[in-house]
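A closer look at the structure
Read off the chains here:
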Amino acid sequence: MTNSDWTPDQPLVSIKDVHKSFGDLEVLKGVTLDVRQGEVICIIGPSGSGKSTLIRCVNALNTIDSGSIKVEGIEVNDPALDKLELRKNVGMVFQQYNLFPHKTALENVMMAPIKVLKQSVEEAEERARVLIKRVNLVGKENSYPGELSGGQQQRVAIARSLAMNPDVMLFDEVTAALDPETVNEVLLAIKDLAQDGMTCILVTHEMGFAREVADHIYFTDRGVIVEHGPPSTFFTEATDPRTQEFLSQIL
Amino acid sequence: MNAFQQYFYDLAQTHPKWNFIYFYDPVQTWRVADGLWMTIQLSVVCVIFSVVIGVVGAWIQGAHSKPLRLVMQGYIQFFRNTPPLVQLMFFYFALGQFTPTYAPDGWLEVPIISNVGWAIISLSFFAGAFNVEIFRAGIEAVPESTQEAAEALGMNRLQIYIYIVLPLAFRVSLPALNNNLVNLVKTTTQALAIAVPELLYQMISIYNDYSTAQNACMLFLFFAYFLLVGILVLGMSRWERGMRIPGYGS
Amino acid sequence: MKSISKSGKASRDRFNATDLAVLKPFKYNQAGQVQDLQFSHWLAEFSPRSLLIIALLFLLWPGLAMAQSNYSFAQALDALWRWLPFIVTKGFLLNLIVSFLTMFIGTIAGVLLGLGQVSPLRPLARLSWLITQLFRNSPWLVLLFIVMLALPFEIEIGGEIYPIPDWLKAVFGLALPIMANISEIVRGAIVSVPTGQWEAAESLAYSRQQTLWMVILPQCFKRMIPPWMNWYAILTMATPLISLLGVEEIITLSRQAMEAEDNHPELLVPFFGFALIIFFAYCYPIARLTIRLEKRFVVRQ
């Protein structure tokens, strides 16, 4: 599903002046950013700055109050939007993995293609095995989530979203709940994905990863984008005092 | 009469208080078998109906319409807080008088819901009231984040409910559900009050006819229900273990 | 530069259990506590106003159903009103007496059985467990029948003959499952006391007996009260069973009253409805009290 006007030279995801409030609390106060095809974008910032809310709006898990979000030319804010169609093109990986505990890893990856994309079982299984191999979990296909470590579960979650063949992948602080030893294996999987050309939007605290893999870094604070730039200049030439303060705290 | 039956026949002659008549008298054996069969049938049917009521009720309890939720609350409160015996009697005597009748042979008016029918209705609603709560708790044990992940994969609400929420809720509710089902089997004995010919009723009929068989009948009842419930409990815990989600709760 | 990890816990070996629960806790049945407290919870959730509404519904609804009949609904209510003192004082009162006695005997026997279950003597523990399971899993009605038929109707002690009234036999019959369930409550309460308590007492040179009576049981006592009260409510709800064995309690007397009033079908709903209401009215305050006590006795670890 793409807007027939959209061409790959236009941004894949186009966020314009988005406002979002939860009751009285305004969480997003006019955010604008563009993501081109194949780009890897990292959004960083302190808690409460609205990062998670922003990317949850991209696949319509949260609705925005005003502004526009366009994925491949289709307006996400449109009430007539078929959300299910949108989610076939936008994959999301959550901080809490959220695997289905009653299904094996393989079944978790196969489930959505079978039920939503109506693929045949053989087709879905073949693709699932390929994806599990891709995230380095060969041998764990028949394990249940309860038997896997956090890092392993998160990689299954990535494979599960990839099975839908999305055009853009959203990552919401996916390593924040992991033990330090397992963070790396997940970051490797994402790096792999990025190098294969997948468009990724990551909300993350992993600065080293951002520096290495991101094409562009956005810093948000209290609902607005304060500063952004490519990693080569962002970390060293940050001009805004808020950015500098944040970077000095975490680096 | 074979040796087994002969033994008990002789026992009854020498020990007049221990007349195991149902072992050697085929008529009584059939009565026992009929009673046992009725108990089993009643239990199975009521279990099935009560589970259906539980699933539907749990769904209604989560509905948006407030009057619907209140009706469901009222139903649950009534059946959980009143004696099942009095429920049975109320249904059969008080409500039974309002059921329409039909005449199969043109003469005798037979109500369309028999006493067995009322027992099934009453007991199913009784167990169903507990099941609604059990299933509701099970459904609530499925984290919203898991449902959200399914939503992010493009599944619609119905798919999420059928493939994610219900299987998980069912596994989690299984121990409480089994407890309730065992209770239901025990409660079927109270259908005696409305003359349903289940096991207890039949055994009582036997020793009413043959007063020497009283001890034997009571002994049988004790062991029969012990076995029945025991088998059920064992079977249920086997099933629970088979349904366990690996890694959860360990 | 550190990555900010929210867990901070070291990974366990082999299968790393995740820090996040796969499923949220199942709130119907809490491990370590006796289930069935839910009964009191449900009873107590009824506000007094809704109680009144339900009572009114019981009285009004049949009026809609009985359109034409010679014996009017008002007459049925009138009959109920006349028989009310009889049914309550001679019938319901017996239900209550039976419930008190049963609870008394059942509690004493149940506590002993529960202590037996946690005894270090294996044969005693196994026997107690067997008895508990036996009487927990048997239908109450079957136990009632067995006891009432087995007990003689009079006994001879030292030359004097004492008759045993049928309601007393019913008390023994109902006391058996109560004993088994109280035993489970006691066992559950003892088991739920943290092992640290046993160890602390042991290191102070307490014997097992002393530990049990001076350290563990006093802590258990408070924990046991709400489930105990819950079982009392369940027991009271079960007392109508004795009517099936001929004991003259509220249900039997209601039926006798209806017979005396020529068995008009219009009488059924008011009389049975009243029985339901009076049981509810009795158990409802108990349920509220149970919930209040449960909150007060919440164990802070």
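1. What to know about the overall build of chain C
A count of helices and strands for chain C gives 10 helices and 2 strands. The order of α-helices and β-strands along chain C, N terminus first, is α-α-α-α-α-β-β-α-α-α-α-α. Across the 301 residues of chain C, 37% fall into the buried class. The long-range share in chain C, meaning contacts at least 24 apart out of those at least 6 apart in sequence, stands at 78%.

2. Quick notes on the overall build of chain A
Looking only at helices and strands, chain A has 9 helices and 10 strands in total. A globule of 251 residues ought to have a C-alpha radius of gyration of about 18 Å, and chain A, at 18 Å, matches this closely. Principal-axis analysis of the C-alpha atoms places the extent of chain A at approximately 55 × 45 × 35 Å. Within chain A, buried positions represent 52% of all 251 residues. For chain A, contacts bridging at least 24 residues in sequence account for 66% of all contacts bridging at least 6.

3. Some thoughts on the sheet that holds strand 4 (residues 66-71) of chain A
Residues and elements named next belong to chain A. Strands sit in the order 2-1-4-5 across an open sheet of 4 strands; the sheet is antiparallel. Looking at the sheet topology across the chains shown, the edges are occupied by strand 2 (25-35) and strand 5 (74-75). Here 5 bridges tie strand 1 (residues 13-22) to strand 4, and the two strands are oriented antiparallel to one another. Note on strand 4: the bridge partner recorded for serine 14 is lysine 70.

4. Notes on the confidence of the model for chain A
Looking at chain A, the pLDDT average stands at 88 and 98% of residues meet or exceed 70. Mean pLDDT in chain A bottoms out at helix 9 (residues 241-250) of chain A, which sits at 82, and peaks at strand 8 (residues 199-203) of chain A, which reaches 93.

5. Regarding the interface of chain B and chain C
With 43 residues of chain B at the contact, the number on the chain C side is 38 residues. Listing elements by their share of the side of chain B that touches chain C, those giving two or more residues are helix 4 (66-80), helix 5 (84-95), helix 6 (115-140), helix 8 (157-187) and helix 10 (214-243) of chain B. In terms of residue count, helix 10 of chain B provides more of the side of chain B that touches chain C than any other element does, 9 residues in total. Broken down by class, the residue content of the side of chain B that touches chain C amounts to 28 nonpolar, 11 polar and 4 charged.

6. Concerning the environment of A:Ala112
Structurally, the position occupied by A:Ala112 is in helix 3 (residues 105-115). Once you skip the residues sitting within four places of it in the chain, A:Ala112 turns out to touch A:Arg160, A:Ala163, A:Met164, B:Leu153, B:Gly154 and B:Met155.

7. Points about the packing of helix 3 (residues 73-117) of chain C against helix 9 (residues 250-260) of chain C
Residue and element names in this part refer to chain C. Running from N to C, helix 3 and helix 9 point in directions that differ by 155°, and their axes come no closer than 8 Å. Relative to helix 9, helix 3 is oriented roughly antiparallel. Remark: the crossing between helix 3 and helix 9 carries right-handed chirality. Residues Trp83, Phe86, Ile87, Lys90, Gly91, Phe92 and Asn95 of helix 3 lie in contact with helix 9, whose contacting residues are Ile250, Leu253, Ser254 and Ala257. Tallied by class, residues from the contact of helix 3 with helix 9 come to 7 nonpolar, 3 polar and 1 charged.

8. Here we look at the sheet that holds strand 10 (residues 224-229) of chain A
All names here are of chain A. The sheet built from 6 strands is open, its strands ordered 6-7-8-3-9-10 with mixed pairing. Each edge of the open sheet is held by one strand with a lone partner, namely strand 6 (90-93) and strand 10. With strand direction ignored, the average angle separating the axes of adjacent strands in the sheet is 20°. Of the strand pairs in this sheet, strand 9 (residues 216-221) and strand 10 are connected by 5 bridges, and their pairing is antiparallel. Each residue of the ladder has a partner; that of aspartate 221, found in strand 10, is valine 224. Against the sheet, helix 1 (residues 51-58) contacts strand 3 (40-44), strand 6, strand 7 (168-172), strand 8 and strand 9, and its axis sits at roughly 150° relative to strand 8.

9. Looking at helix 8 (residues 208-238) of chain C
The end-to-end C-alpha distance of helix 8 of chain C is 38 Å, clearly below the 45 Å that 31 residues give at a rise of 1.5 Å each. Taken as a whole, helix 8 of chain C carries its principal kink of about 45° at C:Leu217; the proline C:Pro218 stands between one and four residues after it.

10. Overview of helix 3 of chain A
Two residues of an α-helix separated by three or four positions point the same way, owing to the 3.6 residues in each turn. All names here are of chain A. In terms of burial, helix 3 is a largely internal element, 8 of the 11 residues being buried. Residues of helix 3 that are buried: Ala105, Leu106, Asn108, Val109, Met110, Met111, Ala112 and Pro113. Buried-residue contacts for helix 3 involve helix 4 (121-134) and helix 5 (150-162).

11. Section: the nonpolar core
Considering soluble globular proteins, one finds that nonpolar side chains tend to be buried as a cluster. Grouped together as the largest cluster of nonpolar side chains are 217 residues, with contacts concentrated most on A:Ile201 and C:Phe272. In terms of residues, this core owes the most to one element, helix 6 of chain B, which gives 14 residues. Residue contributions to this core reach at least three from each of two domains, namely domain 1 (45-196) and domain 2 (198-243) of chain B. Excluding anything up to four places from it in sequence, A:Ile201 contacts A:Val13, A:Val35, A:Ile41, A:Ile43, A:Ile55, A:Val58, A:Val168 and A:Leu170.

12. Comments concerning the environment of C:Lys90
By secondary structure assignment, the location of C:Lys90 is in helix 3. Taking the C-alpha atoms as reference, C:Lys90 lies 8.1 Å from C:Leu253; in sequence the two are 163 residues apart.

13. Considerations on unusual backbone geometry
Residues apart from glycine generally show negative phi values, whereas peptide bonds are mostly found in trans. In this structure, A:Asn165 takes a positive phi of about 55° despite not being glycine. Mapped onto the secondary structure, A:Asn165 falls in the loop between helix 5 and strand 7.

14. Focus: the pairing of strand 4 of chain A
Sheet topology note: the strand 4 of chain A/strand 5 of chain A ladder contains 2 bridges and is antiparallel. When the sheet's bridge partners are listed, A:Val71 is paired in strand 5 of chain A with A:Ile74.

15. Remarks on the environment of C:Phe280
Tracing the backbone shows C:Phe280 in helix 10 (residues 268-296). For C:Phe280 and C:Leu94, which are 186 residues apart along the polypeptide, the C-alpha to C-alpha distance reads 16 Å.

Thresholds applied
- Residues numbered from 1 in each chain as written.
- Chains lettered and ligands numbered in written order.
- Predicted model: local features only at pLDDT ≥ 70, side-chain atom pairs only at ≥ 80, totals over all residues.
- Helix = DSSP H or I, 4+ residues; strand = E, 2+ residues; numbered from the N terminus.
- Buried ≥ 20, exposed ≤ 12 C-beta atoms within 10 Å, placed from the backbone.
- Contact = placed C-beta atoms within 7 Å.
- Rg over C-alpha atoms; globule rule 2.2 N^0.38 Å.
- Pairing = 2+ DSSP bridges.
- pLDDT = per-residue confidence, 0-100.
- Nonpolar A, V, L, I, M, F, W, Y, C, P; charged D, E, K, R; others polar.
- Axes fitted to C-alpha atoms, helices over the stretch in contact; angles between N-to-C directions.
- Parallel < 35°, antiparallel > 145°, perpendicular 65-115°, else oblique.
- Left-handed = near helix turned anticlockwise from the far one by under 90°.
- Expected span 1.5 Å × (residues − 1).
- Bend = angle between axes of the 7 residues up to and from the residue.
- Core = buried A, V, L, I, M, F, W, Y, C linked by C-beta atoms within 7 Å.
- Domains from an automatic or database assignment.

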